[in-house]
Amino acid sequence: MIPPILPTYNRADVAFVRGEGAYLFDEKGRRYLDFGSGIAVNSLGHAHPELVAVLREQAGKLWHTSNLYRVPGQEILARKLIDLTFADTVFFTNSGAEAMECAIKMARKFHAASNAPERFRLITFEGAFHGRTLATIAAGGSPKYLDGFGPKMDGFDQVPFGDFDAAQRAIGSETAGILIEPIQGEVGIRVPPPGFLKRLRELCDARGLLLIFDEVQSGAGRTGKLFAYEESGIAPDIMAIAKGIGGGFPVGACLATERAAKGMTPGTHGSTYGGNPLAMAVGAAVVDIISAPAFLAHVRAMGAHFQQHLAMLLSEHAGVIAEVRGQGLLLGIKLHVPAPAFVAKLRENGMIAVGATENVVRLLPPLIVDENHLHEATALIGQTCAAFETERQAV
Ligand SMILES: *Cc1c(COP(=O)(O)O)cnc(C)c1O
């Protein structure tokens, strides 16, 4: 019999009912250290007092009007994002996939509005993840997500991640742009080779292409910069954001330069809920907190600190941990044991982390963590590694 919840997820048999800072509590009152943050979403942890306050305040005023009218909260958050990034304009969505969908449509429309409607294809990278809509599974290219969903939407040409020559070779007369996550998330936290993004920028400029970044996972302060692309010294033409920017409230956005957005005139795109007043109130509070230089410095310091701890764990448990990678608090540990088993054992031990393909466990703590949380996490990961070592010796 089909369960009442469409069974598209392999859910762990645990239900959290309350959260506080970096901790979650389940139905039985058991406490867990949350280093998953709902997959990089709860950037400020759980029940952050300022976010609770702004949401309560907005809830008492107005929930929804429509994009048929001006929405003051959108104007405020858009201005903040514009002042903090390369962008000149913003379209608000409710999710990362919708932000990506807007980015893809915008890239096609740019060329259509530039008398080159034949340019509709995007070059994407192996291991990419851009969402679960028909367009974004085609962009991501993962057979596991495409299987059984009919003809793959045309317009995406995939090349190996980090392979500049392959990207260059893939450009044809129909190419509209290049789409990349500055750090790949879902596949297991993969950082491109140094200078790669800059070379893609130069390639796009030389060939009249748009450069699109998907910072749904890498953005919102997670790497210690407000957006990961800042590290590269270049900027995209279009960027999708979501996850951490809403701190747990559904908020997404597609950011763009004036030039890239030139085809997006009235009537070309829309969303009923996108940029809803509740979402905008929370989003603005999250951006104010995260964009403070001292806050980002804290993320970098905690990231460096945690990476040191993880490097020590790697040397102590080389039979279980193969590699530590990532930037800031966007971290992955590649394992010699199956990631799902490791995540389950970690949870039994009282800590939440998120699996990824390539046998990587993602460590995505809320950005508000302090050194005590990092020590606790390190001890729990060490304890979990030891359990796997004991198991092996027993075999
Ligand atoms: C999670 C994610 C998405 C999809 O976001 P949803 O809110 O689940 O639609 C897109 N791109 C990247 C890089 C992501 O990590």
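Keep in mind it's a predicted model, so treat the numbers as computed, not measured.

**Re the overall build of the protein**
No. 1: Secondary structure summary: the protein contains 12 helices and 15 strands in total.
No. 2: In terms of overall size, the protein behaves like a compact globule, its C-alpha atoms giving a radius of gyration of 21 Å where 395 residues would be expected to give roughly 21 Å.
No. 3: With the C-alpha coordinates of the protein rotated into their principal frame, the extents come out at 65 × 55 × 50 Å.
No. 4: Partitioning the contacts of the protein with sequence separation of at least 6, the portion at a separation of at least 24 is 73%.
No. 5: Of the roughly 17500 Å² that the protein leaves accessible, carbon and sulfur atoms contribute 55%.
No. 6: Side-chain charges in the protein split into 36 positive and 40 negative, and the spacing between the mean points of these groups amounts to 3 Å.

**Considering helix 4 (residues 96–112)**
No. 1: When the terminal C-alpha atoms of helix 4 are compared, their 24 Å separation across 17 residues agrees well with the 24 Å that a helix rising 1.5 Å per residue should span.
No. 2: Within helix 4, burial applies to Gly96, Ala97, Ala99, Met100, Cys102, Ala103, Ile104, Met106, Ala107, Phe110 and His111.

**With respect to the site of the ligand**
No. 1: Near the ligand, the surroundings consist of Ser95, Gly96, Ala97, Phe129, His130, Gly131, Glu181, Asp214, Val216, Gln217 and Lys243.
No. 2: Between the ligand and the protein, one listed contact pairs a nitrogen atom with a backbone N or O atom of Phe129 at 3.2 Å.
No. 3: One of the side-chain nitrogen or oxygen atoms of Gln217 is found 2.7 Å away from an oxygen atom of the ligand.
No. 4: With the chains in place, 82% of the 380 Å² that the ligand exposes on its own is no longer accessible.
No. 5: Of the residues assigned to the shell around the ligand, the class counts are 3 nonpolar, 5 polar and 3 charged.

**Quick word on the nonpolar core**
No. 1: Grouped together as the largest cluster of nonpolar side chains are 82 residues, with contacts concentrated most on Phe342, Leu363 and Ile381.
No. 2: If you tally residues by element for this core, the top one is helix 9 (residues 277–290), at 8 residues.
No. 3: Mapped onto the domain boundaries, this core takes at least three residues apiece from domain 1 (16–34 + 293–394) and domain 2 (50–290).
No. 4: Those residues within four positions of Phe342 in sequence are excluded, and the remaining contacts are Val320, Ile333, Leu335, Val337, Val361, Ile381, Thr384, Cys385 and Phe388.
No. 5: One finds Ala103, Ala107, Ala138 and Ala256 within the second-largest nonpolar core, a separate group that totals 25 residues.

**Some remarks on the sheet that holds strand 15 (residues 360–363)**
No. 1: Taking strand neighbours across the sheet as the criterion, the 4 strands line up as 11-12-15-14 in an open arrangement whose pairing is antiparallel. The two strands at the open ends of the sheet, each matched to only one other strand, are strand 11 (321–327) and strand 14 (354–356). On average, each strand axis in the sheet is inclined to that of its neighbour by 25°, with strand direction left out of account.
No. 2: Alignment of strand 11 against strand 12 (residues 330–335), held across 6 bridges, turns out to be antiparallel. Within strand 12, the position partnered with Gly326 by the bridge is Leu331.
No. 3: Helix 10 (residues 293–316) rests against strand 11, strand 12 and strand 15 of the sheet, and its axis sits at about 170° to strand 11.

**Section: the packing of aromatic side chains**
No. 1: This model, assessed by the stated rule, comprises 9 aromatic pairs.
No. 2: Ring geometry for Phe129 against Tyr145: centres 5.7 Å apart, planes inclined by 70°, an arrangement best described as edge-to-face. Taken together, the residues Phe129 in the loop between strand 5 (121–125) and helix 5 (134–140) and Tyr145 in helix 6 (residues 143–146) connect sequence positions 16 residues apart. Neither residue differs from the other here; Phe129 and Tyr145 are each classed as buried.
No. 3: Geometrically, the ring pair formed by Phe213 and Tyr229 is tilted, given 6.3 Å between the ring centres and 45° between the ring planes. Here Phe213 is found in strand 8 (residues 210–214), whereas its partner Tyr229 is found in the loop between strand 8 and strand 9 (238–241), with 16 residues between them in sequence. Note on accessibility: Phe213 and Tyr229 belong to one class, buried.
No. 4: The structure contains a cluster of three or more aromatic residues connected by ring pairs, namely Phe86, Phe213, Phe227 and Tyr229.
No. 5: The ring of Tyr145 has Arg132 lying over it, and the distance from NZ or CZ to the ring centre is 3.8 Å.

Basis of the calculations
- Residues numbered from 1 in each chain as written.
- Predicted model: local features only at pLDDT ≥ 70, side-chain atom pairs only at ≥ 80, totals over all residues.
- Heavy atoms only, no water.
- Helix = DSSP H or I, 4+ residues; strand = E, 2+ residues; numbered from the N terminus.
- Rg over C-alpha atoms; globule rule 2.2 N^0.38 Å.
- Contact = heavy atoms within 4.5 Å.
- Areas by Shrake-Rupley, 256 points an atom, 1.4 Å probe, with all protein chains shown as cover.
- Lys, Arg positive; Asp, Glu negative; His and termini not counted.
- Charge placed at Lys NZ, Arg CZ, Asp CG, Glu CD.
- Expected span 1.5 Å × (residues − 1).
- Buried < 20%, exposed > 50% of the residue type's maximum accessible area, 1.4 Å probe, protein only.
- Near = heavy atom within 4 Å.
- Polar contact = N/O pair within 3.5 Å; in protein donor to acceptor, adjacent residues only side chain to side chain.
- Nonpolar A, V, L, I, M, F, W, Y, C, P; charged D, E, K, R; others polar.
- Core = buried A, V, L, I, M, F, W, Y, C linked by side-chain atoms within 4.5 Å.
- Domains from an automatic or database assignment.
- Pairing = 2+ DSSP bridges.
- Axes fitted to C-alpha atoms, helices over the stretch in contact; angles between N-to-C directions.
- Phe/Tyr/Trp six-rings, centres within 6.5 Å; stacked < 30°, edge-to-face > 60°.
- Lys NZ or Arg CZ within 6 Å of the ring centre and 35° of its normal.

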